[in-house]
Amino acid sequence: MMRLLHPDKVGQDDRVQDAIEAVRKAKDICERSLSSITIPYPPRELHAQCINDVKGKRRFKLTWQAPVVREQAPVRRYVVAAVDPAYGKALTITILEPDYNQELRRFVGVEDLTSYVLAEEELEKMPMLWQKPTAQVQIAAANEAGQSTWANLRVQLNAKTAPAPAPPPVNSNTAASGVKNYARSSSNISNNTGFTGAASNNTKSYVGLGKPGVGVAAGAAGVGSHYFGGGAAATTNSGPRNSSFLSAAEVERKRESNKARLLGVKSM
């Protein structure tokens, strides 16, 4: 009996090794049953965005949402894995845990760990992965009680980067933002001089004395327009609410009328 159970010979007996492993598993089960912490749910809303489609340097940003919040199932870390076609099973790529980020110069909590960049250059040991049209990525949430089930995502490896958004359309009926209004004297108004705003609209604004300004437009509203007025600065917005459109003859009459009125005020 002593010979069979000698310490130097115990490690060589498969039955003893199986018994030790069974005890270890039983211990883990007991600890989990006595603990109030349970395994979290898997991550949600998985998405992949191509940020570099050059072969050999392909990069895909993986994003997800945290599992449904449960007080008894906190998330401590995320496990990211990918199925390697060479082995036919998922291999762990990285484990994301709260830590101090040197680049951001701050501590990154688990609530911020909801993205990962899948980079071809960093997975050189999985060359078969990038030879397929798609890659199967798996992400799980984990804590002291264990790991959630896998959340699966298929990444299209032949996807193209998203084009840059088009600039907003320019409204030709609106004066350029660079246009300014300047208060001008009666002599300047009589000489029809002023400051030019943005070159695109070639808008001139004159502010004198008298009645509120009247917008006079030649061609499209807001382009090549002249504004005369008094009291408050003439607006650069054209349209039925702020201005009326006059013929060339009416423009001249308005100019002469404003000139005479302003010269009369000056002589008083």
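Every chain is numbered on its own, with residues counted from 1 as its sequence reads. Given that this is a predicted model, residues contribute local features only at a pLDDT of at least 70 and side-chain atom pairs are listed and counted only at 80 or more, while totals for whole chains, interfaces and linings are drawn from all residues. The side-chain numbers reported here are obtained from all heavy atoms of the structure, hydrogens and water having been left aside.

## What about the overall build of the protein?
Helix and strand assignments come from DSSP, with helices taken as H or I runs of at least 4 residues and strands as E runs of at least 2, each series counted from the N terminus. Helix and strand counts for the protein stand at 4 helices and 13 strands. In the protein, which comprises 268 residues, the share counted as buried stands at 29%. Once local pairs closer than 6 in sequence are excluded, the contacts in the protein between residues at least 24 apart make up 52%. Counting every atom, the protein has about 17700 Å² of accessible surface; 54% of that belongs to carbon and sulfur. Only protein chains enter the accessibility calculation, which uses a 1.4 Å probe. A residue is then buried if its area is under 20% of the maximum for its type, exposed if over 50%, and partly exposed in between. Pairs of residues are marked as contacts when any of their non-hydrogen atoms sit within 4.5 Å. Residue exposure ignores everything except the shown protein chains as possible cover, and the areas themselves are Shrake-Rupley values with a 1.4 Å probe.

## Some points on the pairing of strand β4 (residues 89–96)
Two strands are counted as paired when DSSP detects at least two bridges linking them. In this sheet, β4 lies alongside strand β3 (residues 77–84) in antiparallel orientation, the contact comprising 7 bridges. Pairing of V80 across the sheet is with T94, part of β4. Between β3 and β4, which pair antiparallel one after the other, the connecting turn spans 4 residues, and G88 there sits at a positive phi close to 75°.

## Quick notes on the confidence of the model for the protein
Residue-level confidence of the predictor is what pLDDT reports, using numbers from 0 through 100. Of all residues in the protein, 60% have pLDDT values of 70 or greater, and the mean over the chain is 73. Note that residues 172–244 has pLDDT below 50 and, in this model, 127 contacts with residues that lie over four places away or in other chains.

## With respect to the side chain of D84
Structurally, D84 is set in strand β3. Here Asp and Glu are counted as negative and Lys and Arg as positive; His is not counted, and neither are the chain ends. By definition here, a salt bridge exists when the distance from a side-chain nitrogen of Lys or Arg to a carboxyl oxygen of Asp or Glu is within 4 Å. K132 provides the closest opposite charge to the buried, salt-bridge-free D84, at an N-O distance of 9.3 Å. What qualifies as a polar contact is a pair of N or O atoms within 3.5 Å, subject to a donor-acceptor requirement within protein and to the restriction that residues adjacent in sequence count only when both atoms come from side chains. Only 3.0 Å separates the side chain of D84 from the backbone nitrogen of A86, close enough to count as a polar contact. In contact with D84, other than residues within four places in its own chain, are K89, L91, K125, M126 and M128.

## Quick notes on unusual backbone geometry
In this structure, E45 is a non-glycine residue whose phi angle is positive, near 50°. With respect to the helices, strands and loops of the structure, E45 is situated in strand β1 (residues 44–52). For E45, a relative accessible area of 49% translates into the label partly exposed. For R105, which is not glycine, the phi dihedral falls at a positive 60°. Mapping R105 onto the fold places it in the loop between β5 (99–101) and β6 (106–108).

## Thoughts on the pairing of β3
Along any regular strand the residues' side chains alternate between the sheet's two faces. Extensive coverage of β3 is indicated by the burial of 6 of its 8 residues. Here β3 runs beside strand β8 (residues 134–143); their pairing, made up of 6 bridges, is antiparallel. When the sheet's bridge partners are listed, A81 is paired in β8 with Q138.

## Quick word on the pattern of salt bridges
Taken as a whole and assessed by the stated rule, the structure comprises 4 salt bridges. Residue E21 is joined to R24 by a salt bridge in which the shortest nitrogen-to-oxygen separation is 2.5 Å. A residue pair is termed a helical-turn pair when its members lie 3 or 4 positions apart in one helix, as E21 and R24 do in helix α2 (residues 14–34) at 3 residues. Taking the shortest distance from any N to any O, the salt bridge between D112 and R106 comes out at 3.5 Å. Looking at D112, the relative accessible area reads 36%, which means it is partly exposed.

## So, the sheet that holds strand β7 (residues 115–119)
Across the sheet, 3 strands lie side by side as β1-β2-β7; this open sheet has antiparallel pairing. Edge positions in the sheet fall to β1 and β7, since each of these pairs with one other strand and no more. Pairwise comparison of adjacent strand axes, ignoring direction, gives a mean angle of 20° for this sheet. Sheet topology note: the β1/strand β2 (residues 59–65) ladder contains 6 bridges and is antiparallel. For Q49, the partnering residue across the bridge sits in β2 and is K61. Simply put, an axis is a line fit to the C-alpha atoms, just over the touching stretch for a helix, and the angle between two N-to-C directions goes from 0 to 180 degrees.

## Observations concerning the nonpolar core
Nonpolar cores are built from buried Ala, Val, Leu, Ile, Met, Phe, Trp, Tyr and Cys residues. Side-chain atoms within 4.5 Å join them into one set. Core analysis: the biggest nonpolar cluster contains 28 residues, and L62, W64, Y78, Y116 and L118 have the highest contact counts within it. Listed by contribution, the elements that provide at least two residues to this core are β1, β2, β3, β4, β7, β8 and β10 (151–156). Per element, the largest residue contribution to this core is 4 residues, and it comes from β8. Beyond its immediate stretch of four places on either side in the chain, Y116 contacts F60, K61, L62, W64, V80, I93, T94, L96 and E122.

## Looking at the side chain of R58
Assignment of secondary structure puts R58 in the loop between β1 and β2. Note on R58: relative accessible area 6%, which makes it buried. Sequence-distant contacts of R58, that is, excluding residues within four places in its chain, are made with N52, D53, L118, A119, E120, W130 and L157.

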